[in-house]
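What follows is the residue order along each chain.
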Amino acid sequence: MSAKPTIVLVHGAWADASSWNAVAGALQQQGFEVLAPTNLLRNPISDSAYVASFVAQRTSGPVVLVGHSYGGAVISGAGLGGGDVKALVYVDAFIPEEGETVFSILGGSGSAFDVPDPSTVFDVAGYPGAPEGDAEAFLKPATVHTAFAQDLPEADRLLIAAGQRPITFAANTTPMGAPAWRTLPSWTVIGTEDKVIPPATQRSMAERAGSTITEVAASHVSMVSHPQAAIDAILAAVDAVS
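One structure accompanies this document, and this report is about it. Keep in mind that this is a model prediction, so the values were computed, not measured.

## As for the overall build of the protein
Along its length, the protein carries 10 helices and 9 strands. For 242 residues, the compact-globule estimate of 2.2 N^0.38 gives 18 Å, and the C-alpha radius of gyration of the protein, at 16 Å, lies within 12% of that figure. With the C-alpha coordinates of the protein rotated into their principal frame, the extents come out at 50 × 40 × 30 Å. Split into buried and exposed, the 242 residues of the protein put 53% on the buried side. Sequence separation of 24 or more characterises 72% of the internal contacts of the protein that already satisfy a separation of 6 or more. With an accessible surface of roughly 9,600 Å², the protein has 54% of that area assigned to carbon and sulfur atoms. Looking at charge distribution, the protein has the averaged site of its 11 positive side-chain charges lying 4 Å from that of its 23 negative ones.

## A few points about the nonpolar core
Judged by nonpolar contacts, the single largest core of 75 residues is most densely connected at Ile7 and Leu65. Among the elements that line this core, the one with the most residues is helix α10 (residues 227-241), at 9 residues.

## Quick notes on helix α2 (residues 44-58)
Residues lying three or four places apart along an α-helix face the same way, a consequence of the helix completing one turn every 3.6 residues. Taking 1.5 Å of rise per residue, 15 residues should cover 21 Å, and α2 covers 20 Å from first to last C-alpha, within 8% of that figure. Of all the residues in α2, the buried ones are Pro44, Asp47, Ser48, Val51, Ala52, Phe54 and Val55. For α2, the angular spread of buried residues about the axis comes to 155°, placing them on one side. On its buried face, α2 sits against β1 (6-10), β2 (34-35), β3 (62-68), α3 (70-78), β4 (84-91) and α7 (169-173).

## Regarding the environment of Ala233
Its place among the elements puts Ala233 in helix α10. Judged by relative accessible area, Ala233 falls into the buried class, the value being 7%. Every residue in contact with Ala233, bar those within four places of it in the chain, is listed here: Val89, Trp187 and Val189.

## Describing the packing of aromatic side chains
Scanning the entire structure with this criterion turns up 4 aromatic pairs. Here Trp14 and Phe122 contribute two aromatic rings whose centre-to-centre distance is 5.9 Å and whose plane-to-plane angle is 20°, an arrangement assigned as stacked. Residue Trp14 is located in the loop between β1 and α1 (21-29), and its partner Phe122 is located in strand β5 (residues 122-125); the two are separated by 108 residues in the primary sequence. Note on accessibility: Trp14 and Phe122 belong to one class, buried. Each residue in the set Trp14, Phe113, Phe122 and Phe148 is aromatic and connected to the rest through ring pairs, giving one cluster. In this structure, Lys4 packs its charged tip against the face of Phe32, placed 4.4 Å from the ring centre. In this structure, Arg42 packs its charged tip against the face of Tyr127, placed 4.3 Å from the ring centre.

## Section: the environment of Asp123
Structurally, Asp123 can be placed in strand β5. Along the chain, Asp123 and Phe138 lie 15 residues apart, while their C-alpha atoms are 5.0 Å from each other. A polar contact is formed between the side chain of Asp123 and the side chain of Lys140, at a distance of 2.7 Å.

## Details of the packing of α1 against α10
Any two packed helices are characterised by how steeply their axes cross, that is the angle between the axes, and by the distance between the axes. α10 packs onto α1 with a crossing angle of 50° between their chain directions and a minimal axis gap of 9 Å. With respect to their mutual orientation, α1 and α10 come out oblique. Crossing hand, α1 versus α10: right-handed. Between α1 and α10, the residues in contact are Ala22, Val23, Ala26 and Leu27 and Pro227, Ala230, Ile231, Ile234 and Leu235, respectively. Taken together, the residues of the contact of α1 with α10 break down into 9 nonpolar, no polar and no charged.

## Focus on the sheet that holds β2
Spatially, 6 strands are ordered β2-β1-β3-β4-β8-β9 in an open sheet, and the strand pairing comes out parallel. Of all strands in the sheet, those bounded by a partner on one side alone are β2 and β9 (212-216).

## A few points about the sheet that holds β5
Across the sheet, 3 strands lie side by side as β5-β6-β7; this open sheet has antiparallel pairing. Edge positions in the sheet fall to β5 and β7 (167-168), since each of these pairs with one other strand and no more. Bridging between strand β6 (residues 136-139) and β7 involves 2 bridges; their strand directions are antiparallel. Looking across to β7, one finds that Ala137 is bridged to Ile167.

Thresholds applied
- Residues numbered from 1 in each chain as written.
- Predicted model: local features only at pLDDT ≥ 70, side-chain atom pairs only at ≥ 80, totals over all residues.
- Heavy atoms only, no water.
- Helix = DSSP H or I, 4+ residues; strand = E, 2+ residues; numbered from the N terminus.
- Rg over C-alpha atoms; globule rule 2.2 N^0.38 Å.
- Buried < 20%, exposed > 50% of the residue type's maximum accessible area, 1.4 Å probe, protein only.
- Contact = heavy atoms within 4.5 Å.
- Areas by Shrake-Rupley, 256 points an atom, 1.4 Å probe, with all protein chains shown as cover.
- Lys, Arg positive; Asp, Glu negative; His and termini not counted.
- Charge placed at Lys NZ, Arg CZ, Asp CG, Glu CD.
- Core = buried A, V, L, I, M, F, W, Y, C linked by side-chain atoms within 4.5 Å.
- Expected span 1.5 Å × (residues − 1).
- Arc of directions from axis to C-beta.
- Phe/Tyr/Trp six-rings, centres within 6.5 Å; stacked < 30°, edge-to-face > 60°.
- Lys NZ or Arg CZ within 6 Å of the ring centre and 35° of its normal.
- Polar contact = N/O pair within 3.5 Å; in protein donor to acceptor, adjacent residues only side chain to side chain.
- Axes fitted to C-alpha atoms, helices over the stretch in contact; angles between N-to-C directions.
- Parallel < 35°, antiparallel > 145°, perpendicular 65-115°, else oblique.
- Left-handed = near helix turned anticlockwise from the far one by under 90°.
- Nonpolar A, V, L, I, M, F, W, Y, C, P; charged D, E, K, R; others polar.
- Pairing = 2+ DSSP bridges.

Following this line, the structure appears as structure tokens:
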């Protein structure tokens, strides 16, 4: 490729594009065009279609598509749906197979979210226009502090709890479509202190996808607490497909 690829960063649940700020800023300083679209957090099929449409319309030339957490499921669906995506990078992320759901992946994994009573870790609220039976899940502040972002300073954890974007139950229970990782090369960063998607679960998914794996001693939000690990994985993807 003669042109540097555009780096498209897709955030996960309880976050927004600002969760990528440290990664995006470093890549911009190296001359990359970086885009960080909104992940709607509604349903993996429609969310993937939205990101694919964004990539198709907002990029020209090669793209490296990066996803954090639930954003990994979204880029898996979006990778072949729009634009010239050359590689996938997963950061503390779901890398689902067709037919899997977020909840089915976490079931029995030892995740802090795999609990008999979800109300112990989530606050649930309805939302206008919701399909029957659907609702939004917010993280309880204590969950942010102990299981989601435990390696960040307290002030940052408080801001995450205050500004979190909720994810619907439907996003966690809807089966995934055919994944782009079957045909695209991928790189995976595993946070070894991740309590949301346990490291063993991340590794199993990454190995299934044939992903190049690196590890970092970090929580579920390693791109915030240890951004260099994500930056290095993205640059490795760029080098491999350039």
